[in-house]
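What the coordinates show
Given next are the chains, with one letter for each unit.
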Amino acid sequence: MSISDPIENGLKGGWLHIDASTLQVSRHFEADVVIVGTGAGGGVAADILTQAGLKVIMIEAGALKSSKDFDMEERTAYPNLYQQAASMKTADKGISIFQGRTVGGATTINWTTSIRTPEPTLDFWAKEKSVVGLDTQSLAPWFDTMEQQLNISTWLYEPNRNNGALLEGCNKLGWQSTVIKRNVKGCWNTGYCGMGCPVNAKQSMLVTTIPSALDAGAQLISRAKVMQIEHSEGKVTGLKAQVVNTNFEPRGTTLTFSAKHYILSAGAIHTPALLMRSNTPDPFELLGRTFLHPSLLSGGIYDEQIKGHSGAPQSIYSDEFVWRDGASGDLGYKLEVAPVHPVLVASKTLGYGQSHAELMKNFNRMQVVIALIRDGFNEQCPGGQVRLTDSGFALDYPLTDGFWQGAKRAFLSMAELQFAAGAKQVRPMTEGLPQLNSWAEAKAEIETADLGLLRTVVASAHVMGGCPMGEDRLISMVNSEGSSHYLENLSVMDGSVFPTSLGANPQLSIYALVARNASLLAQRLKPVVG
Ligand SMILES: Cc1cc2nc3c(=O)[nH]c(=O)nc-3n(C[C@H](O)[C@H](O)[C@H](O)COP(=O)(O)OP(=O)(O)OC[C@H]3O[C@@H](n4cnc5c(N)ncnc54)[C@H](O)[C@@H]3O)c2cc1C
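The shown structure was predicted, so the numbers you read here are calculated from the model rather than taken from an experiment. (Residues numbered from 1 in each chain as written. Predicted model: local features only at pLDDT ≥ 70, side-chain atom pairs only at ≥ 80, totals over all residues. Heavy atoms only, no water.)

**Quick notes on the packing of aromatic side chains**
We apply this condition: Stacked, tilted and edge-to-face are the three classes applied to pairs of Phe, Tyr and Trp rings, where Trp contributes its six-membered ring and a pair requires centres within 6.5 Å; stacked means planes under 30 degrees apart, edge-to-face means over 60, and tilted covers the rest. Working definition: helices are DSSP H or I runs of at least four residues, strands are E runs of at least two. Numbering for both runs from the N terminus. Any Lys NZ or Arg CZ that is within 6 Å of a ring centre and within 35 degrees of that ring's normal is treated as a charge sitting over the ring.
Inspection of the entire model under this criterion finds ten aromatic pairs. With a centroid separation of 5.0 Å and 75° between ring planes, the pair formed by Tyr 78 and Tyr 82 is classed as edge-to-face. On the numbers, 4.8 Å between centres and 90° between planes, the contact of Trp 175 with Phe 321 is edge-to-face. With a gap of 146 residues between them, Trp 175 in the loop between helix 6 (161–173) and strand 8 (178–179) and Phe 321 in strand 16 (residues 316–321) connect regions that are remote in the sequence. Feature note: the residues Tyr 78, Tyr 82 and Phe 98 constitute an aromatic cluster, connected by ring pairs. The ring of Phe 248 carries Arg 101 above its face, with NZ or CZ at 3.7 Å from the centroid. The lysine or arginine in question, Arg 473, covers the ring of Tyr 486, its NZ or CZ lying 5.2 Å from the ring centre.

**Looking at the sheet that holds strand 7 (residues 152–154)**
Definition in use: Two strands qualify as a pair provided DSSP detects at least 2 bridges between them.
Taken in spatial order, the three strands line up as 6-9-7 in an open sheet, and their pairing is antiparallel. Of all strands in the sheet, those bounded by a partner on one side alone are strand 6 (113–114) and strand 7. In this structure, strand 6 lies alongside strand 9 (residues 181–183), joined through two bridges in antiparallel fashion. Note that in strand 9 the partner of Ser 114 across the bridge is Lys 181.

**Regarding the site of the ligand**
This is how it is decided: In these notes, residues near a molecule or strand are those with any non-hydrogen atom within 4 Å of it. Identification of polar contacts relies on pairs of N or O atoms within 3.5 Å, with a donor-acceptor requirement for protein atoms, meaning one able to donate a hydrogen and the other able to accept it, and with residues adjacent in sequence counted only if both atoms are side-chain atoms. In the scheme used here, Gly and all other residues not listed as nonpolar or charged are polar, with Ala, Val, Leu, Ile, Met, Phe, Trp, Tyr, Cys and Pro taken as nonpolar and Asp, Glu, Lys and Arg as charged.
Every one of the 40 residues lining the ligand counts as a neighbour, but Gly 41, Glu 60, Thr 113, Gly 495 and Gln 507 are closest to it. Ala 61 has a polar backbone atom sitting 3.0 Å from a nitrogen atom of the ligand. Take Val 226: an N or O atom from its main chain is 2.9 Å from a nitrogen atom of the ligand. Of all the secondary structure elements, the ones that give two or more residues to the shell around the ligand are helix 2 (40–51), strand 11 (224–232) and helix 13 (507–529). Here the element with the most residues in the shell around the ligand is strand 11; it accounts for three residues. The class makeup of the residues in the shell around the ligand is 15 nonpolar, 21 polar and four charged.

What follows is the structure in structure tokens.
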């Protein structure tokens, strides 16, 4: 079956796209609205503002790729499509972080799990974080709109065995479980979502909102990294971007942009880092407080073939433990599974030499459960802090005693679940624990385990926060519509505005919130530009 390539077709049809790496001389661009970043936030904002009749330019540090470039190989996907070739870490190397760097941002490479913002999170924001107008009821129409646009619906097919074991364990133990909704249309169930969808089934920004905006006349400039926001007297006056080459190294050519309005959608970490680098006002030093859902991993070895690389990566989750002690209570964690691909597994598991070879020998019989810890709700796990360095930025993320206590509970839950689902051995991804052969053994060993920094594997694919929203300037940088408290023609529309983590996978929350805020902004800007 031939695969239609909307990017190739659009470019042939005359889309306004410049691959900045090909530019020999510096240039200036003007628009009504300039958007930095083309991920979940930037894609939705660009589409809505363009459809409203505004001249929009999208600037993206990553490259424009299409399905013909997605070869299902980790060795090409990570350097081409991920920040720091998928090897980004916190400053102390304690947490591995995955983030996208490509047109479509992380939506091009994510695992398609689509979950509405949990009600306890929205309630917490309203009560503790001065967020207004974002309750479940008022957000519902925006969720409905985005679910329709991105074909988000419950995955009706049998889960792969990796997810199936999660379901089986939950059923045996009487734990809550949910079949996941996914943003796919005509999915081939390959299981390679993390390397870019080779058949354009994933309804990421790359094949939905960005083509829609480009069809309507928006312009895309890829391989251009915005370095500076110029501002004076409470207004943004321009942006400066550095052209990068195909290896994402600066080429020395500069692009400048001016617009009536500017939107930052560079994602958590990069939006706050850009604001910090540009010395924009931050009187209460709020920029950069980042949340990661720091996640623990547990490997189960089964007699049967699991083949966790094949089939929809995530189709079942369990919320049994997320809100057990209330939003501000003891750390809760969501249970999901992670796709099992060789480089991902080799770099996020334990040991070296013989012991690592043993682990990898069981690759196809390995099932991997992850526990995503809900951070930012209390001092047990308050989040991290972005800081600028000579070469860019670093993220400090202290893992507290409270976190390690939560991690221990999470390892216990994962081991119990995996044995209930038929695992023969369980290997919590932490040094110092033996291979565990029964739930009784696991319970005793994990309870006394010495978890800690660099001994225990901690990873994250959910980067949030850094530019919090709310009405109280003492605790927020933008208001509940995403407008800057300090620069009148600046908005932030991405996952950086979350004042805590979500306790759920972030993409759908960003889509809905940005759909709402970009629509409100379009109403404000339209009369001005006529
Ligand atoms: C491997 C992986 C799997 C995931 N799976 C899921 C999932 O199943 N479900 C889910 O809900 N979420 C998932 N996520 C997370 C989700 O995709 C992100 O939370 C979401 O895409 C974030 O949207 P954003 O707009 O904040 O930023 P991003 O989507 O990260 O987009 C930001 C964009 O800005 C660009 N940029 C950054 N700095 C600059 C600059 N200075 N100049 C120009 N451009 C810049 C970046 O290159 C990037 O393309 C996953 C993420 C990863 C990495």
